[in-house]
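Structural characterization, general
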Amino acid sequence: MKIIVNGLPGKMASEVAKQVLKSEGLELVPYALTGSDISATSHKIGDLSIALIKPEVREDFIASIQKPEISIDYTHPSVVNPNADFYCRHNLPFVMGTTGGDRTALEQRVKDSDIVAVIAPNMAKQIVAFQAMMKYAADNFPGAFNRYSLEVIESHQKGKADTSGTAKAMVGYFNTLGIPFNVEQIKMIRDPQQQVAMGISEEALTGHGWHTYTLKSEDGSVLFRFTHNVNGREVYAAGTIDAIKYLSGKISAGEKGKVYSMMDVLKGK
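Notes on the structure in this doc start here. Everything numeric in this text was worked out from a predicted model, so none of it was measured. (Residues numbered from 1 in each chain as written. Predicted model: local features only at pLDDT ≥ 70, side-chain atom pairs only at ≥ 80, totals over all residues. Heavy atoms only, no water.)

Topic: the overall build of the protein
For the protein, the count of helices and strands is 9 helices and 13 strands. Reported as C-alpha extents along the three principal axes, the dimensions of the protein are approximately 65 × 40 × 35 Å. Looking at the protein as a whole, 49% of its 269 residues qualify as buried. Taking the contacts inside the protein whose residues are at least 6 apart along the sequence as the reference set, 64% of them involve residues at least 24 apart. Carbon and sulfur atoms provide 51% of the accessible area of the protein, an area that totals close to 12900 Å². Taking the 29 positively charged and 29 negatively charged side chains of the protein as two groups, their mean positions are separated by 2 Å. (Helix = DSSP H or I, 4+ residues; strand = E, 2+ residues; numbered from the N terminus. Buried < 20%, exposed > 50% of the residue type's maximum accessible area, 1.4 Å probe, protein only. Contact = heavy atoms within 4.5 Å. Areas by Shrake-Rupley, 256 points an atom, 1.4 Å probe, with all protein chains shown as cover. Lys, Arg positive; Asp, Glu negative; His and termini not counted. Charge placed at Lys NZ, Arg CZ, Asp CG, Glu CD.)

Here you go:
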């Protein structure tokens, strides 16, 4: 199965491209969509040289090649929706790992198209499983944390431009559990000095995702704290490979106009 990984030479896209190269049954195509601000014209993944295709020429380029079977998107929050429109117009099923953009419009664009996509703010299966547990609690015990306060702190590498999509999703579950909290209240940490003080290693400063959710009762006598800390990008890349294989099955089944999540990938249905 021919796979294009868009967002090179970005670090997350590079990690996913390496995993694609190592995965049986997947073939990394020698080109990738990139941003207009990228000066390089190619990027090496292993022994493979990947041509970097700028936005201003991608329409002509895609018309001149045999299309890849699945597109992977690890680009930038500012181009999430234009990229999704490009994939839908050119019948390119995709896995969207990029956060940000108008997520409602993103999903609707796929539903109005002839393709399918996996769209997820977090590709790490274990964290998605944790989110599924929180969703179960929210669905079955709404209001269980009435009168509790919430603090959300998320730390990512300095280059991450937007607030964590995982943190935003978790806020929704806590809202249903009875805690009023806006995503604008999420504390974003991008300063390396603060991160080192938190205990993040120097090696992980360029790639990590640390999240802490603290719930406190009104009188301060009860405290709950949920933490998930990830160093590196390998866990997200591994989940992306699983999403590719899941999406391949949906394509083979002839599905169209459907959006799947990493929870769907975990369930395998």
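Let us keep going from here.
Digging into the side chain of Glu154
Within the secondary structure, Glu154 is located in strand β9 (residues 149-156). Residue class for Glu154 comes out buried when judged on its relative accessible area of 0%. Within the structure, the side chain of Glu154 is placed 2.9 Å from the side chain of Arg190, a separation counted as a polar contact. If near-sequence neighbours (up to four positions away) are discounted, Glu154 is found in contact with Asp162, Thr163, Ser164, Ala167, Ile186, Lys187, Met188, Ile189, Arg190, Trp210 and His211. (Polar contact = N/O pair within 3.5 Å; in protein donor to acceptor, adjacent residues only side chain to side chain.)

A short note on the packing of helix α1 (residues 11-22) against helix α8 (residues 234-252)
Relative orientation of the contacting elements α1 and α8 amounts to 55 degrees, with a least axis distance of 9 Å. Taken together, the axes of α1 and α8 lie oblique to each other. Crossing handedness for the pair α1 and α8: right-handed. Listed contacts from α8 to Met12, Glu15, Val16, Gln19 and Val20 of α1 are Glu234, Tyr236, Ala237, Thr240, Ile241 and Ile244. (Axes fitted to C-alpha atoms, helices over the stretch in contact; angles between N-to-C directions. Parallel < 35°, antiparallel > 145°, perpendicular 65-115°, else oblique. Left-handed = near helix turned anticlockwise from the far one by under 90°.)

What about the pattern of salt bridges?
Side-chain pairs of opposite charge can arise whenever the charged atoms involved come near each other. Enumeration according to the criterion identifies 11 salt bridges in this entry. Across the pair Asp85 and Arg109 runs a salt bridge whose closest N-O atoms are separated by 2.8 Å. Of this pair, Asp85 sits in helix α3 (residues 80-89) while Arg109 sits in helix α4 (residues 103-111), placing them 24 residues apart in sequence. Residue Asp85 is classed as partly exposed on the basis of its relative accessible area of 27%. Residue classification places Arg109 among the partly exposed positions, given a relative accessible area of 26%. (Salt bridge = Lys/Arg side-chain N within 4 Å of Asp/Glu carboxyl O.)

Some words on the sheet that holds strand β2 (residues 27-28)
Strands sit in the order β2-β1-β6-β7-β8-β13 across an open sheet of 6 strands; the sheet is parallel. Both edges of this open sheet fall to β2 and β13 (258-260), since each of them pairs with a single strand only. One ladder, built from 4 bridges, connects strand β1 (residues 2-6) with strand β6 (residues 70-73); its direction is parallel. Each bridged residue has a counterpart across the sheet, and for Ile4 the counterpart in β6 is Ser71. Across the sheet, α1 lies against β1, β2 and β6, angled at about 165 degrees from β1, the strand it touches most. (Pairing = 2+ DSSP bridges.)

Quick notes on the side chain of Ser155
Among the secondary structure elements, Ser155 is positioned in strand β9. Owing to a relative accessible area of 0%, Ser155 belongs among the buried residues under this scheme. Among the polar contacts listed, one links the side chain of Ser155 to the side chain of Gln195, at a separation of 3.1 Å. Reaching out from Ser155, the side chain makes a polar contact with the side chain of His208 at a distance of 2.8 Å. With residues near it in sequence (within four places) discarded, Ser155 still touches Ile189, Arg190, Gln195, Met198, Ile200, His208, Gly209 and Trp210.

So, the pairing of β1
With 4 of 5 residues buried, β1 is to be regarded as a mostly interior element. Looking at chain direction, β1 and β2 are connected through 2 bridges and run parallel. Within β2, the residue paired with Lys2 across the bridge is Glu27.

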